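# Structure assessment
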Amino acid sequence: MARLIRTEKEVEGRYEEVWLVVEEDALEQWPSGPREIVGRPATRIDGLERARGEAVYTADLKLPGMLHTAVLRSPFAHARVVRIDLAGALASPGVHAAIGPEDISQLEEECGFQGAAVAAVCADTFAQARAAVAAIDVEWEQLDVLLDPDEAIARGEQLDEPRVRTRGDYEQGLADADVVLEGEFRTQVVLHNSLETHQSVVQWVGDTLEVYISTQYIWGIRDEVAKGIGIPADKVRVICHYMGGGFGSKNSPDDYTFIAIELAKRTHRPVRCALTRREENIATGNRNATIQRLTIGAKSDGTLTALGGEYVNAVGWSGWVAPTEGPMQLLYSCPNVKTTTWGAKINQPPMKAFRAPGFVEGTFGVESLLDELAAKLDLDPLELRRKNYAHHDAADERPFSGKSLMECYRRAEPHWDRRLEVRSRSTETVKRGVGLASQIWYGGGGPPSYAWIRVGSDGRATVVTAMQDIGTGTKTAMAQIAAEELGIPLEHVTVSLGDSARGPYAAISAGSSTTPSMGPAVRAAAADAKRQIIEIAAQRYHLEERVLDLRGGTVVSADGNLSTPLEEVVGLLDDAQILGKGARGPNPTGMQVLTFGVQVAEVAVDIETGEIWVERIAAVHDIGRVINPLGASSQIEGGIIQGIGHTLSEERLHDPKTGRILTTGLDAYKLPTFADVPEIVSELVDEPDGHLTNLGSKGLGEPPIVPTAAAIANAIRDATGADVRQLPISREEMLRALREAEQRTAEKEKRGAPAGV
Amino acid sequence: MELRQASSVTDLDGGLPLHGGTEVVPLIKAGILRPGELVDIRGVVPRGIDGTRIGAGTSLAELEASDRIPEALREACRLAASPQLRNMGSLAGNLLQATRCWYWRLAWPCRLHGGDECFAREGEHREHAIVANDFCASAHPSDVAAALLALDATVVTTTRELPLAELYRLPTAADRSTTTLEAGELILHVDVPQPDASTYLKAMERKRWAFPIVGVAAARSGSTTRVALAGVAPVPWLLEGSLDDATPLPRNAYKLDIARALVARATAALG
């Protein structure tokens, strides 16, 4: 029965209270452990079509008569268009239409960041469109730029009120401490740089607008586009069958979609607006830089008495203030915590969500400082974390729906125990060490989300839901869940997704939510279909429903007398179909649903040149029940590799005077290469969260990137005694930290104290 | 823009020579090179290794796979760029590549482009020059040039023969170019004497496919050792004496530490 509830909805650490119509989720969870199909490794059901190049991504789409768009973007970090004349563009070869700031709200006259869209041209070819953009006559007035986030905060240029979160008595906690440590940590701007750049292809079909788009949220695009151009939502059809990565940057339609829509309206032609790699490196969102001024107070036995954080998020011209303070608030049981988080509005491109926004940055700070504390108190970093284990969410005073972080720590021990052996392989110039860091993040998903299943007379099933697989393998996971519940082979299940006109509403693929949001709905739909199959079989074979089951594609009776392939049982359907439907039930009331984990990094550092080799990372994560261990291990590998880039080499740079972006391509913006990838060992606790849905599964899209930077930084400290405080840990930062550690040791020796670490 | 095949090495006729295209094509796309005509010289420029003579059109991939060339040159090729780029990029093209200075690549009106300001000196210069950087702080990115400079290679062009060091010049207010190549002049060969021992060491921001933060080539012939550096000056830099006269900028002093360490290691490695 449908039920109307008032509930909290969480996406990437942001909560909102919403009314929700939910359907009861009456299914019992499966017992823990691998099942026939769920919990066993499955290769991607769409892997071959992707590998063969048959999969049609938005970037591959060529509609008849399609025009190509180029966008004029502000070359300045802060400027105003004094005068703009599109005549030159309109007169250029192949051009069909040109639009400027007066035409749609996504094109602006006052540009607060380099890359803000000002005008756009569509032409028969992209080269023509680009040449036409160069022919636009525009006069700019350059305005003063504000780039320093601290200065922006001081001047009141903030995107939101400062977010203050306190518990206990922070000042008293500091007074009670035997040791207090402070540290300033800085993280950089990093870019999503998805393989497929941001793009849309739109066309009008009658009074319906079709939007092909590389997106993480089909339904969000539908609603935002409909609202943006003032037509009913059902007149917008959004399609994304395959997607070349998003990492949080493709949740909304953005300027390029509205530009394409307006140009399609004017030209009566399909229009593509695809951003270039250069635009991708400037104007399509980024993880914002942060400054974190942190304080930790502890008893000499390591018991935390106070945690304090002043977090400045250098958000950019727009965006939101990500929960950089989240890990400090949530990771440990410390009774006295005070954090303040600011969002600086500066003349830099807008931030967008990027794989665990805030938590990646915040974990680097707090988990680094925790290890500095361990070094100071001469405590084992793993023991220090166990000592301050949070048994409930002290920030919000709620129980966790499930938490197996202690089990993650236990399983990390064999990796942690390697550190003596690793250190022993150090040489005079190359020092080796091991470090670890904990992971905490969301990933519980939530309602609403729906799935349908149809089973034909051939006994094969199709899952129909208008979700998107953003490349994480959720399509395969859904097929596994359906096959498991139905009791049919995986290869008898097809999944139809990626089209808002074909299937019910499905959740956003952000906040590690696709599997935990969609999986329970798919299972419920499969259970509904299976119930009907059993009812049909009972009537056909004159048996009671309760003695019948469907396993391995065969309908069987408890006494073993009946064992008939499904296609024979439902073969009598002819053109009739069995239709199942399922909905995602609510999350457990009053509970905090989080994911957990720990990563152990082994590094080598050349102390003369500052070169860092990450040699091995072991990752143990707790995400409840694992649907596809093979998909899960690739998620972990992908997260760690992206995390290594964030830790060691990636950084978008701008000119400190003008704010103009300097790293505009993949030659200057240094993503990791395969030669930078270490041995990665991944392990999952795989214990269902007993309070969460009919699956007990959480998401794994984001968790693996969260602790990587801190684990590497802590391994560097273990190897060298140097406290790195800044990402990326470039040669410059590594050599600075080494010099600082050397000076510290020299001073200690001068004072006659024993040499430190 | 037209593309035509060169009929001979003297058939440029004001066109821009194109070989592997790994540098010329991106610079055309960035609007920095605006040639009226491109001249494909792949058919006319010598290619291959003949004793100590290397054809200017030999690809870096061919060089890195050769056991007939000095170790420093082979290693410099191996550590340059990516396999795809090394398959396309030619020896002479590598020597003539421009700086990676972001201001220059983004066509800021800097001194190297004829303007009156070095934006990097006052701006973002962590990858920039630490010596000879007072006029222009750009850093020369060629690993191969540093190796050939240490190896005391000779360049043979369509009009002359010159030590590799003389192929390069520091930009000045009067002349902003960083090479001495005349218009229409093509490099045909590079003569690389065999040293007794040589090596090339490179510091990068990641393990592959990055230009040098610092590259150090060292070659010993008899009792003479030559050391040359990539990524430290607007041109490939022959080290005469020590690095004590270096003039690092506020954010690139770390490069000097790396350079010192690699110079010590490279010379030690020669035995």
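All of these numbers come straight from a predicted model, not from anything done at the bench. (Residues numbered from 1 in each chain as written. Chains lettered and ligands numbered in written order. Predicted model: local features only at pLDDT ≥ 70, side-chain atom pairs only at ≥ 80, totals over all residues.)

When its secondary structure is counted, chain A shows 19 helices and 28 strands. For chain A, whose C-alpha radius of gyration is 27 Å, the value lies close to the compact-globule estimate of 27 Å for 757 residues. When its C-alpha atoms are laid out on the principal axes, chain A stretches across 90 × 75 × 45 Å. Counting all 757 residues of chain A, 57% fall into the buried class. Once local pairs closer than 6 in sequence are excluded, the contacts in chain A between residues at least 24 apart make up 79%. (Helix = DSSP H or I, 4+ residues; strand = E, 2+ residues; numbered from the N terminus. Rg over C-alpha atoms; globule rule 2.2 N^0.38 Å. Buried ≥ 20, exposed ≤ 12 C-beta atoms within 10 Å, placed from the backbone. Contact = placed C-beta atoms within 7 Å.)

Considering every residue of chain B, the mean pLDDT works out to 97; 100% of them sit at 70 or more. As a predicted assembly, this complex carries a pTM of 0.97 together with an ipTM value of 0.97. (pLDDT = per-residue confidence, 0-100.)

Okay, the sheet that holds strand β6 (residues 154-157) of chain B next. Sheet architecture is open: five strands sit in the order β4-β5-β8-β6-β7 (chain B), paired in antiparallel fashion. Two strands bound the open sheet, and with one partner strand each, they are β4 (49-50) and β7 (161-163) of chain B. (Pairing = 2+ DSSP bridges.)

All right, on to helix α15 (residues 514-541) of chain A then. Taking 1.5 Å of rise per residue, 28 residues should cover 40 Å, and α15 of chain A covers 39 Å from first to last C-alpha, within 8% of that figure. Remark: His542 of chain A follows α15 of chain A within two positions and exhibits a positive phi of approximately 55 degrees. (Expected span 1.5 Å × (residues − 1).)

Turning to the interface of chain B and chain A, a few remarks are in order. With 19 residues of chain B at the interface, the matching set in chain A holds 22 residues. If you tally residues by element for the side of chain B that touches chain A, the top one is helix α9 (residues 253-269) of chain B, at five residues. Along the lines of polarity and charge, the residues of the side of chain B that touches chain A split into eleven nonpolar, one polar and seven charged. (Nonpolar A, V, L, I, M, F, W, Y, C, P; charged D, E, K, R; others polar.)

Before going further, it helps to examine the packing of helix α3 (residues 71-78) of chain B against helix α8 (residues 143-150) of chain B. Residue and element names in this part refer to chain B. Where α3 meets α8, the closest approach of the two axes is 8 Å, and the angle between their N-to-C directions is 175 degrees. Our classification of the angle between α3 and α8 gives roughly antiparallel. Between α3, through Ala72, Leu73, Ala76 and Cys77, and α8, the contact on the second element is made entirely by Asp143, Val144, Ala146, Ala147, Leu148 and Ala150. Here the contact of α3 with α8 is built from residues that sort into nine nonpolar, no polar and one charged. (Axes fitted to C-alpha atoms, helices over the stretch in contact; angles between N-to-C directions. Parallel < 35°, antiparallel > 145°, perpendicular 65-115°, else oblique.)

Right, let's talk about the sheet that holds strand β1 (residues 2-5) of chain B for a bit. All names here are of chain B. Taken in spatial order, the three strands line up as β1-β3-β2 in an open sheet, and their pairing is parallel. Whereas interior strands pair on both sides, the edge strands pair on one side only; in this sheet they are β1 and β2 (16-18). The mean inter-strand angle of the sheet, taken between neighbouring strand axes irrespective of direction, is 35 degrees. The pairing of β2 with strand β3 (residues 37-40) spans three bridges and is classified as parallel. Residue pairing in the sheet places Leu16 in a bridge with Leu38 of β3.

A few words on the environment of His140 of chain B. All names here are of chain B. Residue placement: His140 occurs in the loop between α7 (119-122) and α8. A C-alpha to C-alpha distance of 21 Å links His140 and Ala264, two positions 124 residues apart in sequence. Leave out the neighbours within four places in its chain, and His140 touches Thr99, Ala145, Ala230, Gly231, Ala233, Pro234, Val235 and Pro236.

Our focus in this paragraph is the packing of helix α14 (residues 474-486) of chain A against α15 of chain A. Residue and element names in this part refer to chain A. One way to put it is that α14 packs onto α15 with a least axis distance of 8 Å and a crossing angle of 30 degrees. Regarding the angle of α14 to α15, the classification is roughly parallel. Taken as a pair, α14 and α15 cross one another with a handedness that is right-handed. Residues Thr474, Ala477, Met478, Ile481, Ala482, Glu485 and Leu486 of α14 form the contact with α15, whose participating residues are Thr514, Thr515, Met518, Gly519, Val522, Arg523, Ala526, Ala527, Ala529 and Lys530. (Left-handed = near helix turned anticlockwise from the far one by under 90°.)

On to the nonpolar core. With 302 residues, the main nonpolar core has Ala482 of chain A together with Ala217 of chain B as its most contacted residues. At ten residues, the largest contribution of residues to this core is made by α15 of chain A. (Core = buried A, V, L, I, M, F, W, Y, C linked by C-beta atoms within 7 Å.)

Residue and element names in this part refer to chain A. Across the ten residues of strand β15 (residues 289-298), eight count as buried, placing the element largely inside the fold. Two elements, strand β10 (residues 179-187) and β15, share nine bridges in a ladder whose sense is antiparallel. Within β15, the position partnered with Arg186 by the bridge is Ile291. Of the strand pairs in this sheet, β15 and strand β16 (residues 304-316) are connected by ten bridges, and their pairing is antiparallel. Each residue of the ladder has a partner; that of Thr290, found in β16, is Asn313.

Residues and elements named next belong to chain A. Among the secondary structure elements, Leu382 is positioned in helix α11 (residues 381-387). Remark: the alpha-carbon pair of Leu382 and Trp416, spanning 34 residues in sequence, is separated by 8.3 Å. Residue contacts for Leu382: discarding those within four places in its chain leaves Tyr409, Trp416 and Leu436.

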